[in-house]
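# Survey of secondary and tertiary structure
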Amino acid sequence: MGFTKMLAHTLEQNKLSKTFKALGHPARIAILQYISNNPDCICNDMVRDIDLAQATISQHLVELKKVDLIIGKHISKKTCYSINIDKLYEVKQSVGSFFNETQQGAM
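Computed from a prediction, not measured in an experiment: that's the story for all the values here. (Residues numbered from 1 in each chain as written. Predicted model: local features only at pLDDT ≥ 70, side-chain atom pairs only at ≥ 80, totals over all residues. Heavy atoms only, no water.)

### What to know about the nonpolar core
Applicable threshold: Working definition of a nonpolar core: buried Ala, Val, Leu, Ile, Met, Phe, Trp, Tyr and Cys residues. They are joined through side-chain atoms within 4.5 Å. Three labels apply to residues, based on accessible area from a 1.4 Å probe with only protein chains included: buried if under 20% of the type maximum, exposed if over 50%, partly exposed otherwise in between. Helix and strand assignments come from DSSP, with helices taken as H or I runs of at least 4 residues and strands as E runs of at least 2, each series counted from the N terminus. Contacts are residue-level and defined by heavy atoms, with any inter-residue pair within 4.5 Å sufficient.
Ile31, Ile35, Met46, Ile57, Leu61 and Ile70 are the most contacted members of the largest nonpolar core, which totals 20 residues. Among the elements of the structure, helix H2 (11-22), helix H3 (26-37), helix H4 (43-50), helix H5 (54-66), strand S2 (78-83) and helix H6 (85-106) are those that each provide at least two residues to this core. The element that contributes the greatest number of residues to this core is H3, accounting for four residues. When residues no more than four places from it in sequence are discounted, the contact partners of Leu61 are Ile31, Ile35, Cys43, Met46, Ile70 and Tyr81.

In structure tokens, the structure reads:
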């Protein structure tokens, strides 16, 4: 979306849209679920258990990090991933508010 089009929407609408876009791929959902169940895992763990190529998982991790859904901690030469609980809570609140407001407007 072009910059001028982004100005036509609220900051909250733009943030929610970016988060939905990041969550719009089933592999990213699988990666989030994996990280949730295996905190501080590394990419190679995901490659082994999710059955996707390392490059594919790495690209999905980049997209999830862009919207702050995950945190990568560098330990020696490896990056350990965990869920950003604060961001997840923020998204949960935003989605709940979005659906509550939308539902109220439809009544």
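That covers the picture; the talk isn't over yet.
### Considering the packing of H4 against H5
Condition: Fitted lines through C-alpha atoms give the axes, limited to the stretch in contact for helices. The angle between two N-to-C directions lies from 0 to 180 degrees. For classification, angles of less than 35 degrees are called roughly parallel, those exceeding 145 degrees roughly antiparallel, those between 65 and 115 degrees roughly perpendicular, and all remaining angles oblique. Crossing chirality is assigned from the near helix's rotation relative to the far helix, an anticlockwise turn below a right angle marking it left-handed and a clockwise turn marking it right-handed. Residues are sorted three ways: Asp, Glu, Lys and Arg are charged, Ala, Val, Leu, Ile, Met, Phe, Trp, Tyr, Cys and Pro are nonpolar, and all the rest, Gly among them, are polar.
Packing of H4 against H5 leaves a shortest axis separation of 9 Å and a crossing angle of 120 degrees. In terms of axis orientation, H4 runs oblique to H5. As for the relative orientation of H4 and H5, their crossing is right-handed in sense. Contacts from Cys43, Asn44, Met46, Val47 and Ile50 of H4 reach H5 at Gln54, Ile57, Ser58 and Leu61. Partitioning the contact of H4 with H5 into residue classes produces six nonpolar, three polar and no charged.

### Overview of unusual backbone geometry
Phi angles above zero are rare outside glycine, and Asp40 is one such case at about 65 degrees. With respect to the element layout, Asp40 can be found in the loop between H3 and H4. In this model, Ser76 sits at a positive phi of 50 degrees, which is unusual for a non-glycine residue. Its place among the elements puts Ser76 in the loop between strand S1 (70-75) and S2.

### Considerations on the side chain of Asn84
Worth spelling out the cut-off: Pairs of N or O atoms are called polar contacts if they sit within 3.5 Å, as long as, within protein, a hydrogen donor faces a hydrogen acceptor (for residues adjacent in sequence, only side-chain-to-side-chain pairs).
Tracing the backbone shows Asn84 in the loop between S2 and H6. A distance of 3.0 Å separates a polar side-chain atom of Asn84 from the backbone oxygen of Asp68. Once residues lying within four places of it in the same chain are set aside, the contact partners of Asn84 are Asp68, Leu69, Ile70 and Ile71.

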